[in-house]
Amino acid sequence: MADAKRFQRTALPMSEQIGRMRSSFPGLALISWRMGRALWKGSLQPSSHSSEYLVQVSYMLGKRPRVHVVEPQLRKNDKGEAVPHLHADSSLCLYYPKYGEWRPSLSVADTIIPWASLWLYYYEVWLAVGEWLGGGISHDGPKLTAA
């Protein structure tokens, strides 16, 4: 196990994170970059039949990237159920940290953004059918109680 840790890659440099985001998702504009933290804002559209979502992506080098939907506001489904798979700060829950699906050596553009788009797709399905079909682990904490 010690040998495995020796070969783990360190955090991807922020300049590389920004470059990959710029080339893969030019619609996500870099709003700020300072002191190891980058903030992007722009639109994601999960499918050609989906709504466009204005999202904000925040990443501090070595920390968990956070994706927030700015607009349209996320809302309860027709059953009155709160939006599932959100963190307490209303950022999208995109992966389970204990499974190691994301780590700082990975590109935010190659992982987090496609996962956010997929999350938005399943959110739309959840609104339509009333069941979250995107899998994941149950959240016991507070959920967004949007209108």
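Conventions adopted
Residues numbered from 1 in each chain as written. Predicted model: local features only at pLDDT ≥ 70, side-chain atom pairs only at ≥ 80, totals over all residues. Heavy atoms only, no water. Helix = DSSP H or I, 4+ residues; strand = E, 2+ residues; numbered from the N terminus. Buried < 20%, exposed > 50% of the residue type's maximum accessible area, 1.4 Å probe, protein only. Contact = heavy atoms within 4.5 Å. Areas by Shrake-Rupley, 256 points an atom, 1.4 Å probe, with all protein chains shown as cover. Pairing = 2+ DSSP bridges. Axes fitted to C-alpha atoms, helices over the stretch in contact; angles between N-to-C directions. Expected span 1.5 Å × (residues − 1).

Caption draft 1: Here's a closer look at the overall build of the chain. Of regular secondary structure, the chain possesses 3 helices and 4 strands. The order of α-helices and β-strands along the chain, N terminus first, is α-α-β-β-β-β-α. Counting every position in the chain, which comprises 147 residues, the buried fraction comes to 35%. Nonlocal contacts in the chain, meaning residues at least 24 apart in sequence, comprise 51% of its contacts between residues at least 6 apart. Accessible surface for the chain amounts to roughly 8800 Å². Of this, 52% is attributable to carbon and sulfur atoms.

Caption draft 2: Representation of the pairing of strand E2 (residues 37-44). In the sheet, strand E1 (residues 28-34) pairs with E2 via 6 bridges, with the strands oriented antiparallel. Across the sheet, Leu 30 pairs through a bridge with Trp 40, a residue of E2. The hairpin turn running from E1 into E2, its antiparallel successor, is 2 residues long, and Met 35 in that turn takes a positive phi close to 50°.

Caption draft 3: Spatial organisation of the sheet that holds E2. Pairing in this open sheet of 4 strands is antiparallel, and the strands run E1-E2-E3-E4 from one edge to the other. In the strand order of this sheet, the two ends are held by E1 and strand E4 (66-71), each with one partner. Here the average twist between neighbouring strands, direction ignored, is 20°. Sheet topology places strand E3 (residues 53-60) next to E4; 5 bridges connect them, and they run antiparallel. Bridging across to E4, Gln 56 finds its partner in His 68. Here helix H3 (residues 112-129) sits on the sheet and contacts E1, E2, E3 and E4; the angle it forms with E3, its principal contact strand, is near 140°.

Caption draft 4: Region of the structure containing H3. Its 18 residues place the ends of H3 25 Å apart at the C-alpha level, agreeing with the 26 Å of an ideal helix rising 1.5 Å per residue. All buried positions along H3 are accounted for by Ile 112, Ile 113, Ala 116, Ser 117, Trp 119, Leu 120, Tyr 123, Glu 124, Val 125, Trp 126 and Leu 127. Residues of H3 that are buried sit in contact with helix H2 (14-24), E1, E2, E3 and E4. Looking one or two places after H3, you find Gly 130, whose phi comes out positive at around 80°.

Caption draft 5: Fine view of unusual backbone geometry. Cis geometry is adopted by the peptide bond preceding Pro 72, which originates at Glu 71 and carries an omega value of -5°. Despite not being glycine, Met 35 shows a phi value in the positive range, around 50°. Secondary-structure assignment places Met 35 in the loop between E1 and E2. Its relative accessible area of 82% is what places Met 35 among the exposed residues. With a phi close to 70°, Ser 90 is a non-glycine residue in the positive phi region. Of note, Ser 90 is situated in the loop between E4 and H3.

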